[in-house]
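In case you want the letters, here they are:
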Amino acid sequence: MFVSDFDKTLSIDDAGLLLSLKLGISREDFEEKMKCLKEKSLTKFGAEVPYLILHDPRYKGRVNRKMLMDVGREIRLKKHIPELMRILNQGIKGKHFSTHVLSSAPQETVRKALEGILPPENVHGTTFVYDRNGTVIGVKKAVAGASKVDVLELVRKKEKTPLDKTIYVGDGFSDMYIILYVRAYHGYTIAVTPASFLGNICKKTVISNDALSLIAPILEDILGFSHEEIKSFYEKLGHP
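Residues numbered from 1 in each chain as written. Predicted model: local features only at pLDDT ≥ 70, side-chain atom pairs only at ≥ 80, totals over all residues. Heavy atoms only, no water.

A. Broad picture of the overall build of the protein. Each helix and strand in the protein was counted, giving 11 helices and 7 strands. Taking 2.2 N^0.38 as the reference for a compact globule, 240 residues should give roughly 18 Å; the C-alpha atoms of the protein span a radius of gyration of 18 Å, in line with that estimate. Seen along its three principal axes, the alpha-carbon backbone of the protein occupies a region of about 55 × 35 × 35 Å. Within the span of the protein, comprising 240 residues, buried residues form 52% of the whole. Across the protein, contacts joining residues at least 24 apart in sequence account for 57% of those joining residues at least 6 apart. Surface accessibility of the protein: about 11,700 Å² in total, with carbon and sulfur atoms responsible for 51%. Across the protein, the mean location of the 36 positive side-chain charges is 4 Å away from that of the 30 negative side-chain charges. (Helix = DSSP H or I, 4+ residues; strand = E, 2+ residues; numbered from the N terminus. Rg over C-alpha atoms; globule rule 2.2 N^0.38 Å. Buried < 20%, exposed > 50% of the residue type's maximum accessible area, 1.4 Å probe, protein only. Contact = heavy atoms within 4.5 Å. Areas by Shrake-Rupley, 256 points an atom, 1.4 Å probe, with all protein chains shown as cover. Lys, Arg positive; Asp, Glu negative; His and termini not counted. Charge placed at Lys NZ, Arg CZ, Asp CG, Glu CD.)

B. Examining the nonpolar core more closely. Core analysis: the biggest nonpolar cluster contains 56 residues, and F2, L19, L84, L214 and I215 have the highest contact counts within it. Residues in contact with L214, not counting those within four places in the same chain, are F2, L10, L84, V169, I190, V192 and V206. Formed by 17 residues, the second largest nonpolar core is a distinct cluster that contains V143, Y168, V182 and L198. (Core = buried A, V, L, I, M, F, W, Y, C linked by side-chain atoms within 4.5 Å.)

C. Representation of the packing of aromatic side chains within the structure. If you walk through the whole model with that rule in mind, you get 5 aromatic pairs. On the basis of an interplanar angle of 20° and a centroid distance of 5.1 Å, the ring pair of F45 and F173 is categorised as stacked. Of this pair, F45 sits in the loop between helix 2 (27–40) and helix 3 (48–55) while F173 is found in the loop between strand 5 (167–170) and helix 8 (176–184), placing the two residues 128 residues apart along the sequence. By relative accessible area, F173 is classed as partly exposed at 42%. Note on F233 and Y234: the rings are 5.9 Å apart at their centroids and 85° apart in plane angle, and the pair reads as edge-to-face. (Phe/Tyr/Trp six-rings, centres within 6.5 Å; stacked < 30°, edge-to-face > 60°.)

D. Broad picture of the layout of surface pockets. Of the voids in this model, the largest pocket is the one considered here, and its volume is about 730 Å³. Along the walls of the largest pocket sit 32 residues, with D7, K8, D14, M34 and K38 positioned nearest its centre. At the level of secondary structure, the elements contributing two or more residues to the lining of the largest pocket comprise helix 1 (15–22), helix 2, helix 3 and strand 2 (99–106). Per-element accounting of the lining of the largest pocket gives the leading share, 6 residues, to helix 2. The residue makeup of the lining of the largest pocket, split by class, is 13 nonpolar, 6 polar and 13 charged. (1 Å grid on protein atoms, 1.4 Å probe; cavity = no way out; pocket = protein on both sides within 12 Å on 5 of 7 lines; lining within 4 Å. Points joined across faces, edges and corners; volume = space filled by probe spheres on them. Nonpolar A, V, L, I, M, F, W, Y, C, P; charged D, E, K, R; others polar.)

E. Structural context of helix 8. All of the buried residues in helix 8 are I178, I179 and V182. Projected down its long axis, helix 8 shows its buried positions confined to an angular sector of 100°, all on one face. For helix 8, the secondary structure elements touched by its buried residues are strand 2, helix 7 (147–159), strand 5, strand 6 (188–191) and helix 9 (196–199). Note on helix 8: the residue one or two positions beyond its end, H186, has a positive phi of about 65°. (Arc of directions from axis to C-beta.)

F. Geometry of the environment of Q107. Locating Q107 in the fold gives a position in helix 6 (residues 107–113). For the pair Q107 and V123, spaced 16 residues apart in the sequence, the C-alpha separation amounts to 7.2 Å. Look past the residues within four positions of Q107 in its chain and what remains in contact with it is V123, H124, G125, T126 and T127.

G. Layout of the side chain of S20. Structurally, S20 is set in helix 1. The exposure class of S20 is buried, given its relative accessible area of 0%. S20 has contacts with I25, F30 and Y59, leaving out every residue within four places of it along the chain.

H. Examining the pattern of salt bridges more closely. Overall, the coordinates contain 16 salt bridges when judged by the stated rule. We note a salt bridge from R86 to E83, for which the minimum N-O separation is 3.7 Å. Of this pair, R86 and E83 are both found in helix 5 (residues 81–90), 3 residues apart, which corresponds to roughly one turn of the helix. On the basis of relative accessibility, which here comes to 38%, the residue R86 falls in the partly exposed class. Among the salt bridges present, the one from D175 reaches K148, with a minimum N-O distance of 2.7 Å. Placement of the pair is D175 in the loop between strand 5 and helix 8 and K148 in helix 7, with a sequence separation of 27 residues. Residue D175 shares its accessibility class with K148, and that shared class is buried. (Salt bridge = Lys/Arg side-chain N within 4 Å of Asp/Glu carboxyl O.)

Pasting the structure below:
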């Protein structure tokens, strides 16, 4: 089973920033708000944007379902994500992977961004409560920090996949709990950030704006491909 974070892992843009810009909040103001929340530990890592939506005066009562979906339409994804998911689902040398995304970003946003790439039921994000007009008034569950482990367990049991057959890809503090959990049960973890705090606890680090790069460590460490076989694999895909 292949499970990935979304913001900055599969996407180039950050969903929270795009939402803030839609509300007329500058990049500088958004980054300062995020920094303050992290320093004060008012919320779990990764759930800062849901917290702002519910409690910050510049967000509260202004965010609705349509806006979250519009943000999803605008998010730029890393290259070749459809091809990555197709290759994993079709299988490599008889090994087939079910593919899922776990994200602290709003579920509507991530599902819209990955529309036509993954089935909506395979995209698990933060879920909100809405009023009759579609405005956010509460949170059902923020898929961030330790709660990512809860969602992973639900997905894993549904797929009937043991943890030692689970691959997780992430890029930030919000992924640390789930990465340590997967690693503790001999699953496979990949970091997509140069930050040492994550790289030191992951099996491999991959830095690229091309999602197909994530196949390389899977080929090498899980499927036992040599470097020459990996090069040949990419050449056959048309990506030498």
